[in-house]
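Below are the chains, spelled out letter by letter.
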Amino acid sequence: MKILLKNGRIYDPRSGENRKADIAICNGIIHSIGKAIYDADEILDCCEKWIVPSVTDMHVHCFHKRTNLGLYADEIGICKNVRNLVDAGSCGADDIDDFMDDLSEMKTRVKIFINYSSIGLTKNSCELSENCWLDEDKLMRAIKKYPDVICGVKLRASKSVVKDKGIEPIRSGIQFAHSLHLPLMIHVGNEPPKLDEVLSLVEKGDILTHIYHGKKGGLFLENGELNKLAIKKYQKGVLFDVGHGSASFSFDVAEKAFKLGLIPHLISSDLHANNYPDKISALAEIVTKIYNLGLNERQILDAISIRPAKILHLDNMIQVGNKADLSIVSFNKTDKKRYVDAEGNERIFDKQVVFERLVGSEK
């Protein structure tokens, strides 16, 4: 099977690609990049479109067999032209075998940030509240058993999760992940623990998800000033993730933060059974909101393609000889349309991001 992608803008800083060119693909392998004269079985005109390594949603919940939040991965993945999903803490060590069986039935590529708690989200929202659920030996065995799928550790720093334990389970989980040099994703929400307590513990490469929420104790202090420790950690390489969800994204907070230079390193949806499809339809909807709040095309693509690929060690670099594992993405001017943030605030936007098509590599 020969496929020709014509006239697209190729973008992959890892391989130095940032130009308008054709990509010729033969039997799933990138045959050439440049001006192609190629007898193809299928020709796709990508004029005014971007060709990038396959798009990733870094925060979803797709453990549908054992959690109330779980969605089918393919429904929010390849059916929405999103090749890669990261399940953010739905599963802990107790249920990892069942989750792997679940994922084996899916065509979407799914990576896991395993919950620090052995029960994951199978008992809803209290997984860090009991010491008996914090079994690091069991967690270590799970990580060693599935090293190609388990890519990091997830913690939820929120009152309903830690209950009277405060910052201590968060501190322990961070130390565990750091000791293994694993990526770490921390949910920040209703305090305690306070955001400053979490910020004091995180390091370069750690991910703070839901960081643009509008709840008390967030990025902005009561006097309207930006949290100084947040600025310091951002400058030192702590990664900010949107993690929109049902209650974790404010247009006002995000817009203020963006204007002060704290743009997201990652853009994720936090899609789950309680917000899909009524409140959030797809990752592309969240990306559209962020695009309209001022990020440019490269900043968007870095946050949904390039940076996730580095974090997850995806072998999807755009270069001759590699497997084709591509997304075609367009940034379009549209009629004005109403969008709502997680707090019910409305904005009218006239630009839209569309994930047009996946090309190449299967799971």
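First, a word on what this report is: a plain description of the structure on this page.

Definitions and limits used
Residues numbered from 1 in each chain as written. Predicted model: local features only at pLDDT ≥ 70, side-chain atom pairs only at ≥ 80, totals over all residues. Heavy atoms only, no water. Helix = DSSP H or I, 4+ residues; strand = E, 2+ residues; numbered from the N terminus. Rg over C-alpha atoms; globule rule 2.2 N^0.38 Å. Buried < 20%, exposed > 50% of the residue type's maximum accessible area, 1.4 Å probe, protein only. Contact = heavy atoms within 4.5 Å. Phe/Tyr/Trp six-rings, centres within 6.5 Å; stacked < 30°, edge-to-face > 60°. Lys NZ or Arg CZ within 6 Å of the ring centre and 35° of its normal. Pairing = 2+ DSSP bridges. Axes fitted to C-alpha atoms, helices over the stretch in contact; angles between N-to-C directions. Core = buried A, V, L, I, M, F, W, Y, C linked by side-chain atoms within 4.5 Å. Salt bridge = Lys/Arg side-chain N within 4 Å of Asp/Glu carboxyl O. Arc of directions from axis to C-beta. Polar contact = N/O pair within 3.5 Å; in protein donor to acceptor, adjacent residues only side chain to side chain.

### What to know about the overall build of the protein
Looking only at helices and strands, one finds 10 helices and 14 strands in the protein. At 20 Å, the protein has a C-alpha radius of gyration in line with the 21 Å of a compact globule built from 363 residues. Considered along the principal axes of its C-alpha atoms, the protein spans approximately 65 × 45 × 35 Å. Split into buried and exposed, the 363 residues of the protein put 59% on the buried side.

### Observations regarding the environment of tryptophan 50
The residue tryptophan 50 is located in strand S5 (residues 49-53) in this model. The class for tryptophan 50 is buried, based on a relative accessible area of 10%. Here the alpha-carbon distance between tryptophan 50 and asparagine 18, two residues 32 residues apart in the chain, equals 9.8 Å. Ignoring anything within four residues of it in the chain, the contact list for tryptophan 50 reads Arg9, Tyr11, Glu297, Arg298, Leu301, Ser327, Ile328, Val329 and Phe331.

### A word on the packing of aromatic side chains
Any two aromatic rings considered together are summarised by their centre-to-centre distance and by the angle between their planes. Tallying each qualifying case throughout the model produces 11 aromatic pairs. It is arginine 9 that lies over the ring of tryptophan 50; its NZ or CZ is 5.6 Å from the centre. Geometry around phenylalanine 220 places lysine 256 over its ring, the cationic atom sitting 4.2 Å from the centre.

### Overview of the sheet that holds strand S12 (residues 239-241)
Strand order in the open sheet formed by 7 strands is S6-S7-S8-S9-S10-S11-S12, with parallel pairing between adjacent strands. The open sheet terminates on both sides in strands that have one partner only, identified here as strand S6 (56-60) and S12. Pairwise comparison of adjacent strand axes, ignoring direction, gives a mean angle of 25° for this sheet. As defined by bridge partners, strand S11 (residues 207-209) adjoins S12 across 3 bridges and the pair is classed as parallel. Counted as the bridge partner of leucine 208 is phenylalanine 240 from S12.

### Brief notes about the nonpolar core
Formed by 92 residues in total, the largest nonpolar core has its most connected members in Ile186, Leu208, Tyr212, Phe240 and Phe355. Per element, the largest residue contribution to this core is 6 residues, and it comes from helix H9 (residues 283-292). Excluding its chain neighbours within four sequence positions, the residues that come into contact with leucine 208 are Ile186, Val188, Val198, Leu199, Val202, Val238, Leu239, Phe240 and Asp241.

### Concerning the pattern of salt bridges
The full count for this structure, using the stated rule, is 19 salt bridges. Here aspartate 350 ties to lysine 333 by a salt bridge, and the two come within 2.8 Å at their closest N and O atoms. Of this pair, aspartate 350 sits in strand S14 (residues 346-360) while lysine 333 sits in strand S13 (residues 325-340), and the two are 17 residues apart along the sequence. Lysine 333 sits in the exposed class, given a relative accessible area of 65%. Residues joined in a network through salt bridges with shared partners are Arg66, Asp95 and Asp98.

### Section: helix H3 (residues 136-145)
The set of residues buried in H3 consists of Leu139, Ala142 and Ile143. One side of H3 carries all its buried residues, which in axial view fall inside an arc of 100°. Across from the buried face of H3, at angles greater than 90 degrees, the exposed residues are Asp137, Arg141 and Lys144. Those residues of H3 hidden inside the fold are in contact with helix H2 (96-103), strand S8 (109-115), strand S9 (150-157) and helix H5 (168-180). At the N-terminal boundary of H3, the capping side chain belongs to aspartate 135, with an oxygen 3.2 Å from the backbone nitrogen of aspartate 137.

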